[in-house]
Amino acid sequence: LYMGVGENCVLFVKIMVKRGMPFFLLWMLSDNRKFRLPLIAGICIYEGFILGFVCCFFVYAYAGFAIKLIPAYYFPHYLLYTVAYGLSMLYITSGLSKRKGILIIILSGILMAGILTETLVNPELLARVLRSLV
C-alpha cells in the first residue's frame, strides 16, 4: 500500500529476473533438442503448481473473498505472460526457424508489458480489492 519509486524499481528488477530468466533460457536452449522439452515441461509444471497453490491458499484462507482475490492477484499480467510463454513454446516445439529474431523481439515486448503491469498496475488493483474487503 505504501510503494514509492524506490520500491517500484526494486519490484521491477525482481520481477524481471523472475519472469525473464525462464523466457531467456527458453529461447537460448530452443535449438538444443535435448534441453528444450524438459525446460518447457519444467516451466509448465512449476507455474501450474504455484498457480494451484496460491488459488488453494486464497480459497482456504479467505473463503468468501477468494473469488475477488484470485482475479485481482493474477489478472492483467498473467494474460500477457500466457501469450508470451505460450507462443514461445508453440513456436519452439513446432520446429520453425523463420523470422525467429522478429518473433523474439515481439514476444519480449509482450513479456516486458506483463512485467510493467505486474509492477505498476497489479499492486494498485490488489490494494483496491483488499480495501473493499475490509
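A brief structural summary. (Residues numbered from 1 in each chain as written. Predicted model: local features only at pLDDT ≥ 70, side-chain atom pairs only at ≥ 80, totals over all residues. Heavy atoms only, no water.)

## A closer look at the environment of F35
You can see F35 is positioned in helix α2 (residues 33–61). Given the relative accessible area of 41%, F35 is considered partly exposed. (Helix = DSSP H or I, 4+ residues; strand = E, 2+ residues; numbered from the N terminus. Buried < 20%, exposed > 50% of the residue type's maximum accessible area, 1.4 Å probe, protein only.)

## Focus: the nonpolar core
Formed by 26 residues in total, the largest nonpolar core has its most connected members in F23, L26, Y81, Y85 and L111. Of all the secondary-structure elements, those providing two or more residues to this core are α1 (5–28), α2, α3 (66–94) and α4 (100–133). By residue number, the principal contributor to this core is α3, which donates 11 residues. With sequence-adjacent residues up to four places away left out, F23 is seen in contact with A84, Y85, S88, L107, S108 and L111. (Core = buried A, V, L, I, M, F, W, Y, C linked by side-chain atoms within 4.5 Å. Contact = heavy atoms within 4.5 Å.)

## Overview of the packing of aromatic side chains
For the coordinates displayed, the defined rule picks out 10 aromatic pairs. Aromatic pair F49 and F53: ring centres 6.3 Å apart, planes at 20°, arrangement stacked. One end of the pair is F49 and the other is F53, both in helix α2 and 4 residues apart, which spans about a single turn. For the pair formed by F49 and F53, the shared burial category is exposed. Ring centres 6.3 Å apart and planes at 50° place the aromatic pair F58 and Y62 in the tilted group. (Phe/Tyr/Trp six-rings, centres within 6.5 Å; stacked < 30°, edge-to-face > 60°.)

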